[in-house]
Amino acid sequence: MKRPGTSWIVCLALVAVLAGIARATEPKCPVCGTETGAARFTVTLKDGKEKIYACPRCAMLDVDVRKARALSATDFLSRKTVDGRKAFYLAKTTYGECCPPFWLSFATREDAEKFAKGFGGQVLGFEESLAKLGR
């Protein structure tokens, strides 16, 4: 005889297992090991292969982004993808989703400056970001 509520327990256990599997397959940043999540930064290399990072700082430190075929930054506020060469970066802010020192991507300088008023940091364009990192 089947006990009432047993099927719910089995369903919850299955959901928990599947959620763990989905989380385990989330790409990790090759620099810091953080799950890339929604704030990812993608570098498309000359050979067409993609490298996915958890933040722009990790990407800019790992590969020569100037020679990349394409760069895709995730706008921190809208979570939409923007051209990484046209994005603005908030360096060394107090809030982040990757590894400190936190760097965030923004579609506009204005949004980055507004965010910096509340969380600190320095707003940089693409080339300024590379110079700040010594690249």
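Refer to the preceding data block for the structure.
Residues numbered from 1 in each chain as written. Predicted model: local features only at pLDDT ≥ 70, side-chain atom pairs only at ≥ 80, totals over all residues. Heavy atoms only, no water.

**Some words on the side chain of Arg57**
With respect to the element layout, Arg57 can be found in helix H2 (residues 56-62). No salt bridge is formed by the buried Arg57, whose closest oppositely charged neighbour, Asp62, lies at an N-O distance of 11 Å. If we skip the residues at most four places from it in the chain, Arg57 touches Cys99, Pro100, Pro101, Trp103 and Leu133. (Helix = DSSP H or I, 4+ residues; strand = E, 2+ residues; numbered from the N terminus. Buried < 20%, exposed > 50% of the residue type's maximum accessible area, 1.4 Å probe, protein only. Lys, Arg positive; Asp, Glu negative; His and termini not counted. Salt bridge = Lys/Arg side-chain N within 4 Å of Asp/Glu carboxyl O. Contact = heavy atoms within 4.5 Å.)

**Digging into unusual backbone geometry**
Residue Pro101 is bonded to the preceding Pro100 through a cis peptide linkage, with omega at 0 degrees. Relative to the assigned elements, Pro101 resides in the loop between strand S5 (88-93) and strand S6 (102-106). Of note in this structure, Arg79 is not a glycine but carries a positive phi near 65 degrees. Residue position: Arg79 is located in the loop between strand S3 (70-74) and strand S4 (81-83). Judged by its relative accessible area of 34%, Arg79 falls in the partly exposed class. Within the chain, Lys92 stands out as a residue other than glycine whose phi angle is a positive 60 degrees. For Lys92, the location among the structural elements is in strand S5. Of the residues examined, Lys92 reaches a relative accessible area of 52% and is grouped as exposed.

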